[in-house]
Amino acid sequence: MQSWLRRKPLDMVTVHEEGRRLVPTLSWPHLVALGIGAIVGTGIYTLIGVGADKAGPAVLLSFVAAGLVCACAALAYAEMATMMPAAGSAYTYSYAALGETIAWVVGWSLILEYSLVVSTVAVGWSGYFVGFLQWVQQQTGWAVTLPAALAAGPHAGGVINLPAVLITFLVAGALIAGTRESATINAVLVVFKLIALGIFVAVALPAFNAENLHPFMPYGFSKSVDAQGVERGVMAAAAIIFFAFYGFDAISTAAEETKNPGRDLSIGIVGSMIGCTLIYVLVALAAVGALSYSVFSKSAEPLALIMRELGHGTAALMIGIVAIIALPTVLLAFFYGQSRIFFVMSRDGLLPRGLSKVSKRGTPVTITLFTAVLVAALAGVARLDEIAALANAGTLAAFTAVAVCLLVLRKREPGRERKFRTPMAWFVGPFAIVGCLYLFWSLPTRTQLWFAAWNVFGLLVYVAYSRSRAVLGKQGG
């Protein structure tokens, strides 16, 4: 049993062999922009409508509940990332604190999370882009629209979603060109995204009408199932809205490429989380106050719909255009995170070792291209709308593991230096664990079953391939 839970020594977490070491090039502004770029994306642009459909005006409480759980998880991440400044995020922390088998499950769950998020956002961006081309053709008469076969996957009557494939490889190319360069581009695009949300709040908030908040909680607080079999309630909405919050964990995957991880990681993780929570609550308040939730809850573009209903068609168009420009920041952040998870698991021998070599510029070219092919295949042909909630399940598993790591290492290594100490750790840690488990319980039952099936398959891969090839096992760990 001991060999199944062999742990990587904490002092060895940041020791890497030549040719498999990432180059530190990032500072805290890059990390904050990376976090905001990952967090503020399709979630706030689309999920506020889904959440309002499940919770009514009390979707405000759903944002607060999801934000509180994520804030506690972010504090745990900040301590772990500064204590172990190596790529790999929750997988790396679990390997050092909880053992190899649990680390594998966490890493396998992160692969699921990042693959689905990147693919889903690529398809979402493709939808905006195809719609924009149609608008250009209507306005100018230019024949710029794509053939139906190249504009969607087989599930939507097409052959391949070409825009989703192309944006995936474009982001991959930016990451291969250099981590710092792509992070700088990301920071510029994040500014555009925040301007668009600022425009929405500036237009919608003056139209606030308190009557739109009544009844405030029509479906109750906890998850319940209505006569149509739809899960409703504040926490049912929070379990879905949770998708709009995570992304700060992508910052922790950048630990090895951060110049001053002891200071910059905690600023990046906590700063982006606090900033995004404030942005979300303000946007949600402006939305439910400006228009009855029943009007925009079924819309695929609720913010733009609210702008049009208020008579601001130009603002609605601007929000749509900014979505096309800025959504690649979400792609870049999660694509970056996924490639680093793959990279570290490969470096540890749990995935083929040939994938973890780095170029002269210090970027993992092979694993980035491998990730691009995997994500492009999913985005190009898969029906992602039915399985996207699986990303939430994978993230909740990772967040729970990091909170457990925080508590375990507080007991096992009380005297070890911590550049950032989580305040009230014995409250924050258990709150994050219980909150994540409750949100997981609030997910659709079908999602929970798919998540279990994914990890059963993962454990078979671990037993058949990874366990015998682990570098730690060969070193007698």
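Being a predicted model, the structure only gives us computed values, none of them experimental.

A.B. asks: Would you mind going over the pattern of salt bridges in detail, with residue names and values included?
C.D. replies: In the structure shown here, the tally under the stated rule is seven salt bridges. Here R418 ties to E79 by a salt bridge, and the two come within 2.8 Å at their closest N and O atoms. Pair noted here: R418 is in the loop between α17 (390–412) and α18 (425–442) and E79 is in helix α3 (residues 59–83), with a separation of 339 residues, a long-range link. E79 matches R418 in its accessibility class, with the two residues each being buried. Where R416 meets E413, a salt bridge forms, and the shortest distance between an N and an O atom there is 3.4 Å. Of the residues examined, E413 reaches a relative accessible area of 23% and is grouped as partly exposed. What you see here is one network of salt bridges that share partners, running through E79, R410 and R418.

A.B. asks: Could you give me a rundown of a nonpolar patch on the surface, with the residues and numbers involved?
C.D. replies: Taken together, the side chains of V64, L68, M424, F427 and F431 define a hydrophobic patch exposed on the protein surface, amounting to about 490 Å² of accessible area. Breaking the nonpolar patch down by element, the ones donating at least two residues are α3 and α18. On the secondary structure map, F431 appears in helix α18. Owing to a relative accessible area of 32%, F431 belongs among the partly exposed residues under this scheme.

About the criteria used
- Residues numbered from 1 in each chain as written.
- Predicted model: local features only at pLDDT ≥ 70, side-chain atom pairs only at ≥ 80, totals over all residues.
- Heavy atoms only, no water.
- Salt bridge = Lys/Arg side-chain N within 4 Å of Asp/Glu carboxyl O.
- Helix = DSSP H or I, 4+ residues; strand = E, 2+ residues; numbered from the N terminus.
- Buried < 20%, exposed > 50% of the residue type's maximum accessible area, 1.4 Å probe, protein only.
- Patch = residues over 30% accessible without salt bridge, like charges linked within 9 Å, V, L, I, M, F, W, Y side chains within 5 Å.
- Areas by Shrake-Rupley, 256 points an atom, 1.4 Å probe, with all protein chains shown as cover.

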